[in-house]
Amino acid sequence: MNTNLLLGILLCIHATISFAQHPIQGKVSDNNGTPLENAIIRHDRTIVAYTDKDGLFKFNAPAADSLLLTVSHLGYITVDKTLHFPYEQYHVVQLTPLANELQEVNVYTGYQILPKERATGSFESVDNKLLNRQIGTDVISRLNGLVPGVLFNHRQGDQSQWFNIRGISTLTASRDVSAPLIVLDNFPYEGNIDNINPNDVENITFLKDAAATSIWGARAGNGVVVITTKKGGYNTPMTVSLNANVTLREKPDLFYRPQMSPAEFIDMESFLFEQGAFDANLGNSRTWPVITPVVEILEKERSGEWSAQQARTAIDALRANDIRRDYSNYLYRNAINQQYALSLKGGAGKANYLISAGFDKNLENLRRNSFDRINLRSQLGIKPTDRIELQAGLAYTINSSADNNSGEIRLGANRGIYPYARLVDENGLPAIIEQDYRKGYVDTAGGGRLLDWYYRPLEEVRLADNTTGMRDLLFNLGANLRLARSVNAEVKYMYEYQTTNQQHIRSEEGYFTRNLINRFTQLDGDNIEYAVPFGAVLDHSMSNLSAQSLRTQFNANIDWWGPHKLNGLVGGEIRSTMIRGATGRQYGYDSDLMTAQAVDYINRYPVYDGLASNALIPNMDAFSGRDIRFVSLYANAAYAYNDKYIVSGSARRDASNLFGVETNNKWKPLWSLGAKWRIDKEPFFKSPMLSRLSLGITYGYSGNVNNSIPAVTTMIYSNSLSQLARLSYGTIQNPPNPLLRWENVSQLNVRAEIASRNNRITTNLEYYRKKSEDLIGAVNADLTTGFMTSSTNSASLLTHGMDISIATQNTVGKLSWNTNAFISYNTNTVSEYLYDGYSIASYLASDNTIVPAVGYPVNSVFSYRWAGLDPANGDPRGYLDGQPSTDYLRLTQPEGLEDLVFHGSAIPEVFGGLRNDFSYKNFSLSVNITYRLGYFFRAESIQYSTLLRPNTEWGHGDFAKRWKAPGDERYTQVPSMRYPVDARRDNFYAYSEILVNKGDHIRLQDINLSYHMPGTPVGNLKFTLYARNLGLIWKASDIGLDPDFPSMAPQRTIAFGVSSNF
Amino acid sequence: MKRSLNYLTCLLLTASCTEFLNEKPDRALAIPNSLQDLQAILDNETRNSNLPDAGDIGSDYYYLDDRAWNGMNETIRANYSWLADLPPATNNWYLNYQRIFDANVVLEAAGDMDGIDGKTGDIDRIKGEAYFLRGWMFCQLAQLFSPPFGADDQNTPLGIPLRLTPDINDVSYRSTVTETYRQIISDLNAAVQLLPDASAYKTRPGKAAAYAALSRTYLAMRDYESAFLYADSCLAIHNALLDYNQLDSTKSNPFEPLNAEVIYHARFFSIPLFNSTARVDSNLYSLYDEADLRKQLFYHTNNAGVTGFYGDYSGSVSGPSFAGIATDEILLTRAECLVRMGRIDEGVRDLNMLLRNRISTDAFHELSFAEGHDALDRILIERRKELAFRGGIRWMDLRRLNKEGRHEERLIRRINGEEYILEPNDARYTWLIPFEVVQITGMAQNPR
């Protein structure tokens, strides 16, 4: 986007507005006459002045028939004042302190907009001011650490978009099943969430309890997030806002995760060489597996080709290398993300409009990887008559990403890099690293008649051309017809079309293509035959999503019936999502001529030099299709008496093609009920301290569609033909499960809202109790059935928790200081589990798969009891029959849960945030501190069974701390190295008590510093400096790792932004 | 109101709500209920090639040197040295029963299709293939987890679980050895009734494959007359032999997959013994004459001096993976049975038929024997030489021959200076059932 152009437009507009200027001044005071400093004077919503310490202000106004001034100050009721031309020069404005009324907050449910006052359910709102406190490309990751009850899963990285609302409600770990439903404006959003530009967002509402979510029915069991975009308003003047920011994200610290030093690795390879571990590979003259440089040197020494001295010198020269340094220097960089957004909105009596554009350009940490996005959006509202309102919106997103650098280099399909490898050779050129075959073989293979067969990773990054482009069109139409005094009908329609194209051109110069051509080359005397043509290999894939939703709804809003207020809606909805995909490959692709060549997919060709048995040229053609359809009916009503007693109820019924006929028929409606009592409105309520006290209670059901398991036996056809007979074939996916139902979640929520006089302190206390039933659990099955696991509705989960938030105005006036704090408590217990046939050891298997143990949290951390290292040989020991033992076979097959140590939950049971916002004159500072308590994690350590083998993987840094000699057990708990390896010994150690650590920590999440410059020639400017991932303030464990980021520290980021409104 | 609204909304997009909601969610998913679907399940070559390798890891045709053994994982180390307390890799059990489940799905679905006009032939063939698969897989499992068949000890020892329906809620329990073999024979006989003589593809069984599997089963049961009859029936349909004189020993692997000798193609679920580590047993290797073409075609000594096996019938270049059925096996079975039945000349004729295609033409001489036991000894030696590294055969042979004092074997492994011995008829000839299975089902473990 051309910023000069934007600036030009902006200046033009400003010039028009400020054609003729008339000075206006005045004074703002409270109702005792005390001057108020820092009161904000707005003209047509634009800040034109602030008051000084004497409460005085001054600005120039354009000539107009009338002028609307708005005077506001934190803690006071805002006053509107209309001036008529010619203006009076001096104005005295008195502001009344906020006493009983908080600013009205609306909640957006996706079906209606409700004043928070009258909502019985549990809602949390994030307005765009809070959303824009953080700077980032996407919407979701900006919400981290801000919302009570919402916990982000940091295991997916610090920009994770994976979060839970009020803990987990399902046993299926996959994100599809456990993530909350995301609603954009009125309908569930099926596209890629990265398509949404945060600058277009007006409000985000989290629906937490049953009264809030049950309107969303069978997909609301994990909570709902409603994202509402900005719209123009009727009778509002045009406002223009501009926003530009740049974010710098440092390179990741590749030395953060402890790993063996290259020198240790070299010694370990020498040891393995002596043990003959590489002999099979060294002797293999058929497939020529990769041999690492140290082993090659040792082999030369053994064969007498090199002297011992020569070998030692050569090996010592490699000790100083460290691939992590090369990765950091050549594969990584500091990431730079730029974001620009412009919007115009406004409206007259019969029409309103909004037009916005956004541009993002991200250069990722990995060199040659990038993400670009362009957003264009328009939204129009028209009221042709008093009875009809029409809405139309169009949003178009184009994004493209390049994925040319995977950041990791491997030696072949199942072999990791060795740490003393180099990416650049001594001449500064891209270095050759072994790949697939032994280097000595590649040196001479083909006698010069094959294509270069070397692999130069740095060159591969340079040549890579792997791009994905996505286009998303979102179109919505709405009509609202007033049928009677308090009844209206509305129809809403949404259409979304998203197309994704990936194109991966594997150049002929690249290793992938050269290797493929060479493997299918036959040298027959002077004759050379190529089964795979020269030219690039083009891998392409395409995916189209089209979604349509149609909703018809009747709303009633009765507020003229004395003390009775009734508000209700009833509607029906039909939704259909269709996804079609295709992938394919072209050989001999020439991107200049746009040509490709045909290959023979039918016949098997000999592989060069018999490196493998005769093979087919890979055919990558594949197609896929998914259809998701829903039909739903719903109703919702709330009745208020005297604004004091409020009751509400909702019900919904869903049917879907995902469930199968049986489930659709067996269906029972999901419903909720709620009540709220405004005690402060009772005549008997006379508190000098409190201005508000209300109590609410809700109860109801929502569902969770787990479409991972169908109810009938299904098979899936392979997208290729069988290897030998060339027949179409399929694989059975799952056993029949006729009893399958969707999961359902019932929730009881009790809430109290309390506010002090003057609203200096407001608190919201909520207690909830959720029961998730018919949860689909995957259990280890009797292998004799032919299945490793079987899944069926088999478990129940009880969750209870509290969300407490408190907002205080600590000081008002010159220095304003506000605090927002929240604390969330969430704990769950598996209350029922219908299967008992599973092994105890599976509780340990992984922290990411869920094996429920009745009476324990879903994500429990169990471990083997630790009896220390054996002083004689450094073997890890556990307890068998009360005695220290090294019988790993029995130790790793515990008979009961009592044989394991239970630590606690792997998910924080207590978490929260503390945000302090200060403002002084034009400066404001906001600091957010977050904490997570009451959970455990397993630290990584050395695994000898993956280290001490021919295909060795670079081991953990604990290797250096291992037990080496008797007496070491006093200083270390890291087992000795043993060869031959015993995977059970490793397994026992990996899941032992000694590696479990407390995860509790307090983190300085982020800091935002802003400076406001009102009334500049380019509008009201705001400059922002934002920093994130600033580190931990405290942690409970003493291992040197961030408990939430054990394998990669979150990188510090710093952003600078400027925005303007006029 | 609600109903009419529902109707209204549905009307807007489709003719009827039921139809709208009947669309299957994933296009690639099918509910297996057409002949095409069932055939596609049966034609899954990957799942047909999930045969167990534990018997071969425990067999005596190869050895590992100390260094190679030290580099193996603990399961292979334990199985190689027949350690009493460890079962083989779980896949030996699981992948076989997975295929048995598939066969049961096909049998159940095909049963529902009986009577579709004009399709009887296809339905029969599909059922025949499924019966074959189930019997064949039960037979593989029986050689590992069921004690050897003994006509004398009926009904007492426990065989393998026989799962005969796709209902996963059925509890697995062990049948007796007699019931196990009765089921294998019944399944394979059903296959014989339903299958065409020869199948269009060697990855699909035909009658010849079913006869061959029956012959192998009866051989394991030491019912030599039945084994002869079925071997003979098989060879009447398929008796092609490769002439090793025509093969090129300089190729990485001189044998093509699906070559003329293959009756039914199947493979191990993995390559258990890479030819760069598993060395051919030196006694076995010394049995091949210089004129024996198998010595060059099967074996190769690599740069590290390891003489390994490269003559795999599935075309693999890394080690043995063929575990199906080929003419040579069945011919040797018929030869052995004929000699045991006293028809020595006919048996030796079969042996000569094989050797003519194995020994260099200029060095080949017809063998003849006066004594039946000499002929039998020679046939068993040729069986070892011909079928070494051929999946599933040597372990079965060891188990049955141990029942005859004359041919019993005492197996010895020497590892890191220690000797591990497997005596004839040792309980360890029956592997332990995977612990997970015993833990979940409570079925009886094999004795130690």
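Residues numbered from 1 in each chain as written. Chains lettered and ligands numbered in written order. Predicted model: local features only at pLDDT ≥ 70, side-chain atom pairs only at ≥ 80, totals over all residues. Heavy atoms only, no water.

As a further point, take the overall build of chain A. Each helix and strand in chain A was counted, giving 16 helices and 52 strands. Principal axes of the C-alpha set define a box for chain A whose edges measure 105 × 70 × 60 Å. Scored against the burial criterion, the 1062 residues of chain A give a buried share of 54%. Taking as baseline every contact in chain A between residues at least 6 positions apart, the subset at least 24 positions apart corresponds to 70%. In the form shown here, chain A has an accessible surface area of approximately 44200 Å², with 55% of it arising from carbon and sulfur atoms. Chain A carries 101 positive and 106 negative side-chain charges, and their two centres are separated by 7 Å. (Helix = DSSP H or I, 4+ residues; strand = E, 2+ residues; numbered from the N terminus. Buried < 20%, exposed > 50% of the residue type's maximum accessible area, 1.4 Å probe, protein only. Contact = heavy atoms within 4.5 Å. Areas by Shrake-Rupley, 256 points an atom, 1.4 Å probe, with all protein chains shown as cover. Lys, Arg positive; Asp, Glu negative; His and termini not counted. Charge placed at Lys NZ, Arg CZ, Asp CG, Glu CD.)

The next thing to look at is helix α18 (residues 394-401) of chain B. Along α18(B), 8 of the 8 residues are buried, which leaves the element largely enclosed by surrounding structure. Listed in full, the buried residues belonging to α18(B) are B:Arg394, B:Trp395, B:Met396, B:Asp397, B:Leu398, B:Arg399, B:Arg400 and B:Leu401.

Turning to the side chain of A:Ser343, a few remarks are in order. Relative to the helices and strands, A:Ser343 is located in strand β18 (residues 335-347). With sequence-adjacent residues up to four places away left out, A:Ser343 is seen in contact with A:Thr239, A:Val240, A:Ser241, A:Ile355 and A:Ser356.

Scanning the model with the defined rule gives 55 aromatic pairs over all chains in all. Centroid distance A:Trp453 to A:Tyr608: 5.9 Å. Interplanar angle 65 degrees. Geometry classified as edge-to-face. Taken together, the residues A:Trp453 in the loop between α10 (439-444) and α11 (457-463) and A:Tyr608 in the loop between β30 (595-597) and β31 (622-641) connect sequence positions 155 residues apart. Under the relative-accessibility criterion, A:Tyr608 is labelled buried at 10%. Between B:Trp93 and B:Tyr97 the ring centres are 5.0 Å apart and the planes differ by 45 degrees, which places this aromatic pair in the tilted class. Of this pair, B:Trp93 and B:Tyr97 both sit in helix α8 (residues 91-113), 4 residues apart, roughly one helical turn. Taking the relative accessible area as the measure of exposure, B:Tyr97 reaches 1% and is therefore buried. A cation over a ring is seen here: B:Arg390 above B:Tyr313, with NZ or CZ 4.3 Å from the ring centre. Against the face of B:Tyr62 rests B:Arg413, its NZ or CZ located 5.2 Å from the ring centre. (Phe/Tyr/Trp six-rings, centres within 6.5 Å; stacked < 30°, edge-to-face > 60°. Lys NZ or Arg CZ within 6 Å of the ring centre and 35° of its normal.)

Before going further, it helps to examine the interface of chain A and chain B. Tallying the contact residues gives 86 residues for chain A and 79 residues for chain B. With both chains or domains summed, chain A and chain B bury close to 6900 Å², and 63% of this area falls on carbon and sulfur atoms. Taken together, the links from chain A to chain B amount to 1 salt bridge. A salt bridge links A:Asp279 to B:Arg67; the shortest N-O distance between them is 3.1 Å. The tally of links from chain A across to chain B stands at 21 residue pairs in polar contact (both at pLDDT 80 or more). (Buried area = accessible area lost by both parts, 1.4 Å probe. Salt bridge = Lys/Arg side-chain N within 4 Å of Asp/Glu carboxyl O. Polar contact = N/O pair within 3.5 Å; in protein donor to acceptor, adjacent residues only side chain to side chain.)

Let us now look at helix α5 (residues 262-274) of chain A. Residues and elements named next belong to chain A. In this model α5 runs 18 Å from its N-terminal to its C-terminal C-alpha over 13 residues, within 8% of the 18 Å that 1.5 Å per residue would give. If you check which residues of α5 are buried, you get Pro262, Glu264, Phe265, Ile266, Met268, Glu269, Ser270, Leu272 and Phe273. Glycine 276 sits one or two residues past α5 and shows a positive phi near 80 degrees. (Expected span 1.5 Å × (residues − 1).)

Attention now goes to the pairing of strand β19 (residues 351-363) of chain A. Residues and elements named next belong to chain A. The pairing of β18 with β19 spans 12 bridges and is antiparallel. Residue pairing across strands places glycine 347 opposite asparagine 352, the latter belonging to β19. Between β18 and β19, which pair antiparallel and follow one another directly, the connecting turn spans 3 residues. Relative to strand β20 (residues 370-382), β19 runs antiparallel, the two being bridged by 13 bridges. (Pairing = 2+ DSSP bridges.)

A few words on the confidence of the model for chain A. Segments scoring low in pLDDT should not have their predicted coordinates read at a detailed level. Scored by pLDDT, chain A has a mean of 88; 94% of the residues are at 70 or more. Every residue in residues 5-19 of chain A is under pLDDT 50, and counting partners more than four places away or in other chains gives 14 contacts. (pLDDT = per-residue confidence, 0-100.)

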